[in-house]
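Examining the three-dimensional arrangement
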Amino acid sequence: MQDDTFNDAVIERDPATGHPRPPRREFKARGSFVTRCEGCHLPALNCLCPYRVSAESEAKVWLLTHPLEHHKPTNTGRLIADVLSDTEVFTWYRTAPDARLLALLDDERFDPFVIFPDDQPDYADRVVGMERVAAGKQSGRVPVFIILDGTWRQARRIFRKSPYLERLPVLPLATERLTRYRLRKPASAAHLCTAEVAIELLRQSGDREAAEVLDDTFDAFNDSYAASRRHHKLEAPTPAMRRLLERAAR
């Protein structure tokens, strides 16, 4: 995962020219004045650090994150990086693609897929299914799920305005799962948040243990944050938290 200081430096300067950006009003996310744990970034009232558990997976997750998402405490992409330590996080800028991402896309070890709906005909020839992921594994390549981390509107812009993604296969997420995310209101219950998308991808591609750990981490995050919004301290671990504690003790 990239250092936050790098992201801050990029945001302060125009990535295309390197020139300082003009002053702008500081972005203030909801809850920005809440006292937060420096480890998990959740309100200190219900810190999530005691329940942090890592996992291994065959598939990798790379997040292509809209700049504003880095500032949102309700962003769930960071949960993926907490569980899967080799998660890569790249900040998306339309005019200045991340050079390291471009280099990794050219690395023959990896088999990258853009996770995006198959709802438009102009890229239908690029759409593949999970069997294509399995075929890549059999040939010795590491599957990589590139998740566009932002609102649906932002994700569509990233998809349409990133020429370096145009040569990659598009993998739509096929699932009947409905979102359990309670911290933002989605346009549809079928719109999963970033962590939920990763959970389903890991599960469907065979990384079931990693999916279970991330699923429990997501539930613990959901419960902790929701309670903190009500200024309520959880007096006892939730079922998901207990499962995480059991894993950590193994």
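Up top is the structure.
What comes next is a walk through the structure. Nothing here was measured: the structure is a model prediction, and the numbers come from that model.

Between helix H7 (residues 208-229) and helix H8 (residues 239-249), whose axes approach to 8 Å, the crossing angle comes to 135°. Taken together, the axis directions place H7 and H8 in an arrangement best described as oblique. Pair H7 / H8 crosses with left-handed handedness. Along its contact with H7, which presents Glu209, Glu212, Val213, Asp216, Thr217, Asp219, Ala220 and Ser224, the element H8 presents Ala240, Met241, Arg243, Leu244 and Arg247. By residue class, the composition of the contact of H7 with H8 is 5 nonpolar, 2 polar and 6 charged.

This brings us to the pairing of strand S4 (residues 142-149). Consecutive side chains along a regular strand alternate between the two faces of the sheet. With 7 of 8 residues buried, S4 is to be regarded as a mostly interior element. Pairing analysis gives 6 bridges linking strand S1 (residues 60-65) to S4, with the strands arranged parallel. Bridged to Trp62 within S4 is Ile146. Examined bridge by bridge, strand S3 (residues 110-115) and S4 share 6 bridges and lie parallel to one another. Bridged to Phe113 within S4 is Phe145. Chirality of the crossover, the property in question, places the unit of S3, helix H4 (residues 130-138) and S4 among those that are right-handed.

Side chains of Arg94, Arg153, Arg157 and Lys161 sit close together on the surface and give a patch of like positive charge. Here Arg94 shows up in the loop between strand S2 (88-91) and helix H3 (99-105).

Reading the values: the criteria
- Residues numbered from 1 in each chain as written.
- Predicted model: local features only at pLDDT ≥ 70, side-chain atom pairs only at ≥ 80, totals over all residues.
- Heavy atoms only, no water.
- Axes fitted to C-alpha atoms, helices over the stretch in contact; angles between N-to-C directions.
- Helix = DSSP H or I, 4+ residues; strand = E, 2+ residues; numbered from the N terminus.
- Parallel < 35°, antiparallel > 145°, perpendicular 65-115°, else oblique.
- Left-handed = near helix turned anticlockwise from the far one by under 90°.
- Contact = heavy atoms within 4.5 Å.
- Nonpolar A, V, L, I, M, F, W, Y, C, P; charged D, E, K, R; others polar.
- Buried < 20%, exposed > 50% of the residue type's maximum accessible area, 1.4 Å probe, protein only.
- Pairing = 2+ DSSP bridges.
- Right-handed = clockwise from strand over helix to strand, strands pointing away.
- Patch = residues over 30% accessible without salt bridge, like charges linked within 9 Å, V, L, I, M, F, W, Y side chains within 5 Å.
- Areas by Shrake-Rupley, 256 points an atom, 1.4 Å probe, with all protein chains shown as cover.
- Salt bridge = Lys/Arg side-chain N within 4 Å of Asp/Glu carboxyl O.
- Lys, Arg positive; Asp, Glu negative; His and termini not counted.
- Charge placed at Lys NZ, Arg CZ, Asp CG, Glu CD.

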